[in-house]
Amino acid sequence: MSIWRYANPAEFMRITDPLVAPLWGAAAVLLAVGLWWSVALTPDDYQQGSTVKILFIHVPAAMLAINTYAVMAVASGVGLIRRHHVSFLVAKAAAPVGAAFTAIALITGAVWGQPMWGTWWVWDARLTAVLIMFFFYLGYMALWAAVEEPEKAADLSAVLCLVGVVFAFLSRYAVNFWATLHQGASLSVAEGQRVDDAFRTPLYLMIVAFYLFFVAILLVRARTEIRARRARSLRLQEARA
Amino acid sequence: MVRSPFAALVRRDTRLALRLGGGGAVGIAFFVLAVVLIPLGVGRETATLARIAGGVLWVAALLAALLSLDRLFQADYEDGSLDQLMLAPMPLEQVVLAKTIAHWLTTGLPMTLIAPVLGAMLQLPDTALPALVLAMAAGTPALSFIGAIGAAITVGVRRGGLLLSILVLPLYIPTLVFGARVVEHALLGLSTAGVMGLLGGLTLFAAALSPFASALALRINAR
Amino acid sequence: MELVLENLACRRAGRIVFRGLDFRLAAGEAASLRGPNGVGKSTLLRVLAGLIPAAEGDARLGGISLARSRGAFQERVAYAGHLDAVKPALGVAENLAIWAGLHAADPSRVGAALERFGIAHIAGHPAAQCSAGQKRRLGLARLMVMDRPLWLLDEPTVSLDAAASALVAELVREHCAGGGMALIATHIDLGLGGGPVLGMAPFAEAAETGGADPFLEGAW
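Residues numbered from 1 in each chain as written. Chains lettered and ligands numbered in written order. Predicted model: local features only at pLDDT ≥ 70, side-chain atom pairs only at ≥ 80, totals over all residues. Heavy atoms only, no water.

Q: Can you break down the overall build of chain C residue by residue, with the values?
A: Along its length, chain C carries six helices and nine strands. Against the 2.2 N^0.38 benchmark of 17 Å for 220 residues, chain C shows a C-alpha radius of gyration of 19 Å, consistent with a compact globule. Projected onto its principal axes, the C-alpha coordinates of chain C cover approximately 65 × 35 × 30 Å. A burial count over chain C gives 51% of its 220 residues as buried. Accessible surface for chain C amounts to roughly 8,700 Å². Of this, 52% is attributable to carbon and sulfur atoms. (Helix = DSSP H or I, 4+ residues; strand = E, 2+ residues; numbered from the N terminus. Rg over C-alpha atoms; globule rule 2.2 N^0.38 Å. Buried < 20%, exposed > 50% of the residue type's maximum accessible area, 1.4 Å probe, protein only. Areas by Shrake-Rupley, 256 points an atom, 1.4 Å probe, with all protein chains shown as cover.)

This is the structure:
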């Protein structure tokens with residue numbers, strides 16, 4: 001029995017059904033504990049004050065903003081090569097989630113940056129790269145919405161996603177390169193290398209919680225997409241009969 | 001004159017673009033007009049204009065290339081020519097390559113030729129103009145190649161022009177960054193060789209990827 | 001050379017258009033493709049032109065498999081569909097000359113083809129001025145500048161008058177006399193007389209949806 005049988009829609013629905021509730025539960029518990037720990041139990045930063053606590057949201061969101069696209073690329077590649085319909089729908093289901101995390105990363109970045117830099121937006125290499133990422137998600141979702149026939153939409157958006165992942169890397173490199181001449185403020189503190197020990201555990205907790213939440217919502221959304229496709233197929237079948 | 005199917009296709013598309021309604025000349029007019037609007041918007045100080053000239057020319061070039069992209073495959077898709085081209089005695093990847101080259105010949109090449117005039121109007125010093133022309137020559141093919149992928153993906157979408165721009169503009173970011181940077185380096189008297197290498201490399205990469213990705217998308221759309 | 005369809009099936013937009021199609025067409029034969037509207041005649045022709053992938057089965061043309069070497073198969077096929085692939089911005093002769101160039105055909109064949117189709121007198125006119133019938137004839141004239149053994153014609157006589165339809169039949173006969181083959185979807189009798197008929201019947205889908213749409217499989 002190969003693992004590809006899970007890509008059969010009915011099989012996928014049957015197997016993922018018992019996973020949804022535990023995943024939500026675990027994500028909720030970890031998120032609650034992580035938030036409480038990171039907000040109530042960590043000290044204020046001696047420079048940044050309580051603003052630093054935004055990073056407990058910002059860092060995991062920024063990580064997922066990038067990694068969701070990787071998930072989509074893998075799912076698209078599997079879909080194109082193995083011709084599995086569920087795989088395309090997983091990629092489709094992930095896109096709005098990734099876009100939302102990207103938006104959260106941008107907004108929390110702005111909120112964190114305002115008191116630091118005295119401005120809501122700086123053309124920092126990392127922020128700019130995340131902003132560009134947002135447009136990649138937008139294009140991917142727009143393509144799904146624009147192509148009427150779902151099988152074509154699936155294949156075409158998979159091609160776009162794979163081309164996109166190559167250009168997302170190139171853009172990241174280009175933006176780094178671009179930022180070397182137009183030196184702006186650096187966000188290097190933000191991404192956790194110089195995080196104090198007191199912040200480390202709750203930050204890791206939040207990252208795990210965000211990932212669990214991501215898996216849970218991805219599963220629910222993928223299941224919804226599969227149901228929508230089945231509903232569409234049933235309607236078409238009825239219309240033909 | 002070379003008599004190969006490939007050359008015949010390049011000639012055909014070039015001719016179609018140059019005919020009335022083909023859009024080739026309109027794209028160039030757009031390029032010029034977009035650049036002319038800039039001083040009217042940002043003011044006529046020499047230093048400011050020279051400083052932004054490279055970026056302005058590249059952004060205008062991206063938009064002008066984009067304008068003619070939606071007809072790259074769509075016209076042939078709508079009138080059945082694409083079906084016939086798929087049966088032509090060459091792989092679809094070569095068909096895409098020929099059409100993309102024709103697109104560059106009618107957009108990127110004339111933009112490259114007219115760029116020094118516009119650069120001078122934007123107060124770029126004469127010393128920076130050769131770098132500008134070289135950068136356009138090395139970088140504008142990437143615009144056609146990358147754009148072809150987007151055009152192939154959206155070929156079946158009615159009024160797909162807007163969608164096409166949403167898909168393609170983010171993919172243009174590396175070209176824009178490196179292209180504008182060459183001009184900037186020339187302006188500051190720095191060496192342009194390194195950036196030019198990156199820009200050329202990007203174009204080669206796009207040229208290698210685009211025929212396969214575009215042909216794949218066209219085949220999906222033909223079903 | 002021989003065209004053989006073996007258990008050919010096509011699936012489109014989650015439904016089976018046809019399945020289990022077997023057919024054999026020998027060199028020198030012109031077959032008519034018959035069946036009610038919507039039965040998948042156009043789809044079959046597009047499958048054989050390599051434009052739509054077959055879901056099952058295969059087609060072989062002189063031993064070349066469509067499934068395994070689509071490119072080589074396609075280079076033996078000429079297809080004339082609903083669309084004429086005529087560029088209004090170009091002249092009539094110019095339109096045809098382009099395809100002659102793409103198929104590396106002798107340029108002199110352009111004039112001969114236009115002559116044959118009775119549009120030589122408008123050779124220099126822009127194709128935008130052509131009537132629907134003239135456009136169709138210009139589209140069909142392409143067959144004469146492509147040396148392809150198998151012609152796939154989808155309702156070639158649409159918007160053609162009786163004389164032009166007879167001309168199409170004559171061309172098909174000549175093509176077959178030279179060892180060519182043709183598969184023609186048509187609702188009128190072209191008067192080709194006695195060729196094989198590939199009849200397509202509506203696919204009984206309710207009984208056999210298996211494999212058509214994975215989203216209809218299984219109960220949940």
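Q: Could you give me a rundown of the packing of helix α4 (residues 125-146) of chain A against helix α8 (residues 161-171) of chain B, with the residues and numbers involved?
A: Relative orientation of the contacting elements α4(A) and α8(B) amounts to 150°, with a least axis distance of 9 Å. By the angle between their axes, α4(A) is roughly antiparallel relative to α8(B). Crossing of α4(A) against α8(B): the hand is left-handed. Here Phe135(A), Phe136(A), Gly139(A), Ala142(A), Leu143(A) and Ala146(A) of α4(A) lie close against α8(B), whose contacting residues are Leu163(B), Ile166(B), Leu167(B), Pro170(B) and Leu171(B). For the contact of α4(A) with α8(B), the per-class residue count stands at 10 nonpolar, one polar and no charged. (Axes fitted to C-alpha atoms, helices over the stretch in contact; angles between N-to-C directions. Parallel < 35°, antiparallel > 145°, perpendicular 65-115°, else oblique. Left-handed = near helix turned anticlockwise from the far one by under 90°. Contact = heavy atoms within 4.5 Å. Nonpolar A, V, L, I, M, F, W, Y, C, P; charged D, E, K, R; others polar.)

Q: Could you give an account of the domain arrangement of chain C, naming the residues involved and the relevant values?
A: All names here are of chain C. Split into domains, chain C comes out as domain 1 (1-76 + 148-220) and domain 2 (84-147). Taking the mean C-alpha position of each, domain 1 and domain 2 sit 25 Å from one another. With 16 residues of domain 1 in contact, the opposing surface of domain 2 contributes 12 residues. Counting the surface lost from both domain 1 and domain 2, the interface buries some 1,200 Å², and carbon and sulfur atoms represent 64% of this. (Domains from an automatic or database assignment. Buried area = accessible area lost by both parts, 1.4 Å probe.)

Q: Go over the environment of Arg200(A), please, and point to the residues and values.
A: Residues and elements named next belong to chain A. Relative to the elements of secondary structure, Arg200 occurs in helix α6 (residues 197-240). Taking the relative accessible area as the measure of exposure, Arg200 reaches 32% and is therefore partly exposed. Between the alpha carbons of Arg200 and Pro18 there is a distance of 33 Å; along the sequence they are 182 residues apart.

Q: Outline a nonpolar patch on the surface, listing residues and values.
A: All names here are of chain B. Together, Leu33, Val36, Leu37, Leu40, Val117 and Met121 give the surface a local cluster of nonpolar side chains, amounting to about 590 Å² of exposed area. Elements represented by at least two residues in the nonpolar patch include exactly α2 (24-42) and α6 (108-121). Note on placement: Val36 falls in helix α2. With relative accessibility at 33%, the residue Val36 sits in the partly exposed group. (Patch = residues over 30% accessible without salt bridge, like charges linked within 9 Å, V, L, I, M, F, W, Y side chains within 5 Å. Salt bridge = Lys/Arg side-chain N within 4 Å of Asp/Glu carboxyl O.)

Q: Please provide a residue-by-residue account of the side chain of His185(B), values included.
A: All names here are of chain B. Within the element layout of this structure, His185 appears in helix α9 (residues 173-188). Assessed through its relative accessible area of 12%, His185 is described here as buried. Setting aside residues up to four positions removed in sequence, His185 forms contacts with Leu190, Ser191, Thr192 and Val195.

Q: Tell me about helix α7 (residues 129-153) of chain B, and please be specific about residues and values.
A: All names here are of chain B. The end-to-end C-alpha distance of α7 is 36 Å, a good match for the 36 Å that 25 residues give at a rise of 1.5 Å each. A bend of about 30° at Ala137 is the largest found in α7, and the proline Pro141 appears one to four places after it. Buried residues dominate α7, accounting for 20 of its 25 residues. (Expected span 1.5 Å × (residues − 1). Bend = angle between axes of the 7 residues up to and from the residue.)

Q: Requested: an account of the sheet that holds strand β9 (residues 197-199) of chain C, with residues and values cited.
A: All names here are of chain C. If you trace the five strands from one edge of the open sheet to the other, you get β6-β7-β8-β3-β9, paired in parallel fashion. The open sheet has two edge strands, β6 (77-80) and β9, and neither has a second partner. Neighbour-to-neighbour, the strand axes of this sheet turn through a mean angle of 15°, independent of strand direction. In terms of strand pairing, strand β3 (residues 30-34) meets strand β8 (residues 181-185) through four bridges, oriented parallel. When the bridges of β8 are listed, Ala31 appears paired with Leu183. Where helix α1 (residues 41-48) meets the sheet, it contacts β3, β6, β7 (150-154), β8 and β9, and its direction lies at approximately 150° from that of β7. Relative to the sheet, helix α6 (residues 162-177) contacts β3, β7 and β8, its axis offset from that of β7 by approximately 160°. (Pairing = 2+ DSSP bridges.)

Q: Before we move on, could you go through the interface of chain A and chain B and cite the residues and values that matter?
A: Contacts between the two partners involve 28 residues from chain A and, on the opposite side, 29 residues from chain B. For the pair chain A and chain B, the summed buried area comes to about 2,500 Å², and 82% of that belongs to carbon and sulfur atoms. Our enumeration of links across chain A and chain B arrives at one salt bridge. Put simply, Arg223(B) and Asp155(A) hold a salt bridge, and the shortest N to O gap is 2.5 Å. Across the contact surface, chain A and chain B share four residue pairs in polar contact (both at pLDDT 80 or more). Counting only elements with at least two residues in the side of chain A that touches chain B, the list comes to α4 and α5 (150-181) of chain A. Looking at the side of chain A that touches chain B element by element, the count peaks at 18 residues for α5(A). (Polar contact = N/O pair within 3.5 Å; in protein donor to acceptor, adjacent residues only side chain to side chain.)

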